Every structure is written in C-alpha cells, then in structure tokens.
Amino acid sequence: MTECAERYLLSDIQDHDESKRLECLEAEYDPITIARLKRVGIAHGWQCLEVGAGGGSITRWMAKQVGLGGTVVAVDLDTRFLEPLRADNVKVERLDIAEEGIGHERFDLVHARFVLLHVPKYRAALQHMVHALKPGGWLLLEEPDFTPSGSMQRTEPAIDNTFSAMRAAITAAGGHPYIGRELPSHFQKLGLENVQAEGIVSITPGDSPMATVHSMTVTHLTDTLCATGLVSKEELDEFLRARATPNHWLMDFSFIGAWGQKPLR
C-alpha cells in the first residue's frame with residue numbers, strides 16, 4: 001500500500017499508527033480480496049507476486065494457498081512489516097515497481113491493492129506487472145474510485161469537503177483518486193484477455209475499522225488538507241467527531257477490482 005509514490009502522503013506516519021491503520025484496512029478489505037483471488041483460481045504450486053504488500057495479511061494467505069510447492073514474492077518500498085513473513089515459500093524484496101521490473105514471465109499471479117492510487121508513473125508499473133506474468137497468468141488489481149465518497153446526508157458539508165480535500169491532496173502528490181474505474185480499459189490495452197471487473201461501495205458507521213482509518217488519515221494530514229483550501233480546520237474537527245459516533249454513517253469510495261489473463265502463446 002505504500003509502493004513507489006514520489007510523495008506518498010503517509011510516508012512519515014509512525015510504526016504503531018501505520019500498523020493499526022493497515023490492520024483496519026485488512027479487516028475491511030481482506031475478505032473481498034480473498035474472494036477475488038479465489039475467483040482467479042490461486043492454487044497449490046503457483047508462483048505469486050504481491051506488489052505493495054503493506055502489512056502482509058494477503059501475503060500470508062497466499063502462502064498458505066500455494067504451499068511449499070509455490071512461492072509468494074512480497075515487494076514494497078517499505079518492508080518493515082513484511083520482514084517477519086520470510087519463509088521457505090515467502091520472499092521479501094524492497095522494490096519500486098514503477099522504476100524496475102521483477103523478471104519476465106515469472107509469475108502465475110500478480111496482485112496489488114491500493115498501489116496505483118499512489119504511483120505517478122502507474123503506466124510503467126502496469127507494464128512491469130504484465131511483463132512479469134507467465135502466459136496464462138492472472139493480473140488482479142484493486143484500487144479505489146473516490147467519486148461516491150461523502151456524506152449519507154445532504155446537510156453535512158464538512159464530510160463532503162473533507163473528501164474533496166483528500167482527493168485534491170492525492171492528486172497534488174501525483175496520485176490518481178479515480179484510478180479504479182480505469183483498470184479494465186488499461187488491462188485491454190495491455191493485451192490481457194478474459195478481463196472482468198466489479199466495484200463494491202462500503203457504507204460504514206462511526207467507530208468502525210474504516211472510521212479509524214479515516215480519522216487517522218485526517219489527523220495525520222490536517223495541515224495538508226487545510227492547505228487545499230477546500231476544507232477548514234473546524235470542518236475537519238467535525239469530520240473526526242462524526243467518525244467517532246457509532247450511529248453516524250458514511251459512504252466510502254468504490255473498491256474496484258479488475259482481473260485479466262495474459263494470453264497463451
């Protein structure tokens with residue numbers, strides 16, 4: 001989740017806070033990711049690449065699926081939470097996927113989640129990932145599309161303004177807040193076959209794992225968000241109060257997954 005951003009917005013977050021943030025994201029999105037991985041058919045003996053492996057929960061799950069006959073290579077710019085996962089079938093590497101490849105026709109499966117969102121040179125990253133696939137191998141990418149995110153009410157400008165500021169901050173850092181919707185067409189342009197995609201919108205209450213993610217992000221980026229001119233400090237405080245209220249509901253971004261297969265020769 002921290003892979004190859006030139007100005008990754010949360011790059012200086014403390015270890016404890018980042019670990020907690022990643023755990024909350026895993027709690028929300030791992031079940032969806034695992035269901036998608038099963039749909040592409042991950043199996044014993046597969047060679048897998050996990051790009052931007054973050055906290056390592058999907059790396060651990062993949063390693064169980066491929067067994068000792070397979071391998072999972074977990075790469076990220078920040079491998080602090082991945083080092084304990086090293087095993088006979090788990091390799092950990094520090095890699096900027098936008099700047100360098102990781103082999104030719106090496107993997108049966110390449111997966112990344114919340115990576116291209118932060119990658120200015122995302123087209124190069126995509127090309128490197130496709131290049132690494134074996135013929136018949138699968139690329140599964142999961143990225144957000146921030147279009148629907150905001151208040152469930154029509155009378156909460158603080159919520160909507162906070163998300164507007166988040167989108168602007170991501171864009172200013174070289175990121176792509178709407179990258180999710182673009183995935184299927186990118187896959188087709190890169191020559192992948194059997195392309196499929198789906199989007200899931202989370203609607204979460206305050207005091208939930210995603211509320212924790214939102215609150216930690218806003219707290220860490222208060223100055224950055226205010227600097228966009230789209231939200232005030234008072235509105236950010238109102239957003240934080242709402243995210244701490246159990247009966248306050250918020251519509252999050254679309255979590256879009258796309259998968260496609262490299263043609264057989």
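Everything that follows concerns the structure shown earlier in this document.
Because the structure is predicted, anything quoted here is derived from the model rather than measured.

A. Main features of helix α4 (residues 157-172). End to end, α4 covers 22 Å across 16 residues, agreeing with the expected 22 Å (1.5 Å per residue, within 8%). For α4, the complete set of buried residues consists of Ala-158, Ile-159, Thr-162, Phe-163, Ala-165, Met-166, Arg-167, Ala-169 and Ile-170. At its buried positions, α4 is contacted by β6 (150-151), α6 (209-220), α7 (222-227), α8 (233-243) and β8 (249-261). Among the residues trailing α4, Gly-174 stands out with phi positive, at a value near 90 degrees.

B. Representation of unusual backbone geometry within the structure. Its identity is not glycine, yet Glu-105 carries a phi of approximately 50 degrees, on the positive side. Note that Glu-105 resides in the loop between β3 (90-94) and β4 (107-113). With a phi angle near 65 degrees, Asp-207 is a residue other than glycine that sits in the positive phi range. Structurally, Asp-207 is set in the loop between β7 (193-205) and α6. Note on Asp-207: relative accessible area 61%, which makes it exposed.

C. Representation of the packing of aromatic side chains. What the rule picks out here adds up to 7 aromatic pairs. Consider the rings of Phe-163 and Phe-239, whose centres lie 5.9 Å apart with planes at 75 degrees: the pair is edge-to-face. Here the residue Phe-163 occupies a position in helix α4, and Phe-239 occupies one in helix α8, the gap between them amounting to 76 residues. Joined through ring pairs, the aromatic side chains of Tyr-29, Phe-114, Phe-146, Phe-253 and Phe-255 make up one cluster. The ring centre of Phe-255 lies 4.8 Å from the NZ or CZ of Arg-36, which sits over that ring.

Rules behind the numbers
- Residues numbered from 1 in each chain as written.
- Predicted model: local features only at pLDDT ≥ 70, side-chain atom pairs only at ≥ 80, totals over all residues.
- Heavy atoms only, no water.
- Helix = DSSP H or I, 4+ residues; strand = E, 2+ residues; numbered from the N terminus.
- Expected span 1.5 Å × (residues − 1).
- Buried < 20%, exposed > 50% of the residue type's maximum accessible area, 1.4 Å probe, protein only.
- Contact = heavy atoms within 4.5 Å.
- Phe/Tyr/Trp six-rings, centres within 6.5 Å; stacked < 30°, edge-to-face > 60°.
- Lys NZ or Arg CZ within 6 Å of the ring centre and 35° of its normal.

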